[in-house]
Amino acid sequence: FALAKKAFTHTARYDGAIANWLTSLDEDNKPATFPERLQLAFDKVDTMRYGENPHQSAAFYREYGSLPGSGTIANYEQLQGKELSYNNIADSDAAWECVKAFADSANSAACVIVKHANPCGAAVGASAEEAYRKAFKTDPTSAFGGIIAFNTAIDRATAEAVAGQFAEVIIAPEITAEARAVFAAKQNLRVLVVPLGAAAGNVFDFKRVGGGLLVQTVDTARITRADIKVVTKRAPTEQELRDLLFAWRVAKYVKSNAIVYCKDNMTVGVGAGQMSRVDSARIAAIKGENNGLTVVGSVVASDAFFPFRDNLDALAK
């Protein structure tokens with residue numbers, strides 16, 4: 001029976017791969033992006049205690065063929081802590097994808113703190129510890145029980161700084177032996193190692209809808225200086241340009257309508273998931289002020305469509 005399961009799974013995936021290829025060819029036998037008949041293959045990694053809510057059951061599956069060097073959260077190695085929950089993995093993915101966006105940052109380290117699928121603090125600094133302290137400063141209240149991700153190794157100093165707050169999950173591409181010893185004192189803390197990797201990650205993004213599946217290519221776009229066109233009389237300063245590029249990277253991972261205030265390579269206010277982009281602007285400013293920060297002199301990034309000037313007026317105010 002065990003061999004039968006192996007054989008049928010193997011041949012089914014072989015046939016599925018061929019079917020995906022054949023149904024992606026057009027009338028001239030040229031490959032298209034999306035096959036007409038999509039066959040998916042995933043391997044179960046773990047059965048979760050429950051799903052998004054306690055009354056739901058859940059399991060975690062890794063995409064078949066996802067390699068350890070792909071740099072995706074599905075290839076994590078858990079060093080310690082309680083078993084991961086459905087929400088832990090979802091939020092860890094959000095934090096990991098966001099912090100990876102700073103792999104080519106001029107500074108050496110980046111830290112992103114995620115709570116309920118949204119970054120509540122992000123920063124880059126000369127060290128992982130500095131990046132963490134700046135990210136935490138954005139919103140210490142929301143950071144409580146959050147997911148903390150780094151794009152560089154965690155050393156002892158960083159581990160001691162992080163250990164001062166309650167966190168659900170810590171993620172980094174490398175954790176030194178000294179840092180592991182610090183984390184070991186917090187037995188319930190989940191500590192994950194995920195290599196950054198140079199290999200390509202996911203090919204498609206999937207979103208389930210009733211009776212169907214929305215499929216799109218992965219959003220790998222990243223705004224660079226070459227994409228910027230200054231249309232105002234007053235051009236941004238060099239530091240403002242750096243902050244803008246930083247802000248747009250964070251905004252990409254904040255739920256729409258997103259407003260992200262940034263200054264000196266850190267977030268100072270994040271407004272997420274509001275139906276009104278104006279409300280997002282106001283909420284982000286209020287959160288910054290409540291945490292002893294000011295949005296005055298900061299830059300702003302948003303994924304929202306601005307059909308009117310009301311949002312610019314709110315931001316200027």
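Residues numbered from 1 in each chain as written. Predicted model: local features only at pLDDT ≥ 70, side-chain atom pairs only at ≥ 80, totals over all residues. Heavy atoms only, no water.

Draft legend 1. Region of interest: the sheet that holds strand S3 (residues 77–80). Spatial strand order, S3-S8-S7-S6-S4-S5: six strands in an open sheet with mixed pairing. Either end of the sheet is taken by a strand with one partner, and the two such strands are S3 and strand S5 (118–125). Averaged over neighbouring strand pairs, the angle between their axes works out to 20° when direction is ignored. The pairing of strand S4 (residues 109–115) with strand S6 (residues 146–150) spans four bridges and is classified as antiparallel. Across the sheet, the residue bridging to Cys 111 is Phe 150, located in S6. Of the strands in this sheet, S4, S5 and S6 touch helix H3 (residues 128–138), which is tilted by about 145° from S5. (Pairing = 2+ DSSP bridges. Helix = DSSP H or I, 4+ residues; strand = E, 2+ residues; numbered from the N terminus. Axes fitted to C-alpha atoms, helices over the stretch in contact; angles between N-to-C directions. Contact = heavy atoms within 4.5 Å.)

Draft legend 2. Inspection of the nonpolar core at higher detail. In this structure, Phe 102, Ile 171, Phe 246 and Val 250 are the most contacted members of the largest nonpolar core, which totals 38 residues. Discounting chain neighbours no more than four positions away, the residues touching Phe 102 are Ala 110, Val 124, Asn 151, Phe 246, Arg 249 and Val 250. One finds Ala 123, Ile 175, Val 182 and Val 191 within the second-largest nonpolar core, a separate group that totals 35 residues. (Core = buried A, V, L, I, M, F, W, Y, C linked by side-chain atoms within 4.5 Å. Buried < 20%, exposed > 50% of the residue type's maximum accessible area, 1.4 Å probe, protein only.)

Draft legend 3. View of the packing of aromatic side chains. What the rule picks out here adds up to six aromatic pairs. Their ring planes at 20° and their centres at 6.4 Å tell us that Phe 60 and Tyr 76 sit as a pair that is stacked. With Phe 60 in strand S2 (residues 59–63) and Tyr 76 in the loop between S2 and S3, this pair connects stretches of sequence that are 16 residues apart. Linked through ring pairs, Phe 34, Phe 204 and Phe 206 together constitute an aromatic cluster. Directly above the ring of Tyr 64 sits Arg 13, whose terminal nitrogen or CZ lies 4.4 Å from the centroid. (Phe/Tyr/Trp six-rings, centres within 6.5 Å; stacked < 30°, edge-to-face > 60°. Lys NZ or Arg CZ within 6 Å of the ring centre and 35° of its normal.)

Draft legend 4. Representation of the side chain of Asn 151. As for its placement among the helices and strands, Asn 151 is situated in the loop between S6 and helix H5 (156–162). Polar side-chain contacts of Asn 151 include one of 2.8 Å to the backbone nitrogen of Ala 110. (Polar contact = N/O pair within 3.5 Å; in protein donor to acceptor, adjacent residues only side chain to side chain.)

Draft legend 5. Region of interest: helix H8 (residues 277–290). Helix length check: H8 (14 residues) gives 20 Å between terminal C-alpha atoms against 20 Å at 1.5 Å per residue, within 8%. Looking only at H8, the buried set comprises Arg 277, Val 278, Ser 280, Ala 281, Ala 284, Ala 285 and Gly 288. Burial along H8 is one-sided: seen end-on, the buried residues are contained in an arc of 165°. Looking at H8, the residues exposed on the side facing more than 90 degrees away from the buried face are Arg 282, Glu 289 and Asn 290. Elements in contact with the buried residues of H8: strand S11 (259–262), strand S12 (267–271) and helix H9 (310–316). Two or three places before Val 278, at the opening of H8, Ser 276 has a side-chain oxygen 3.2 Å from that residue's backbone nitrogen. (Expected span 1.5 Å × (residues − 1). Arc of directions from axis to C-beta.)

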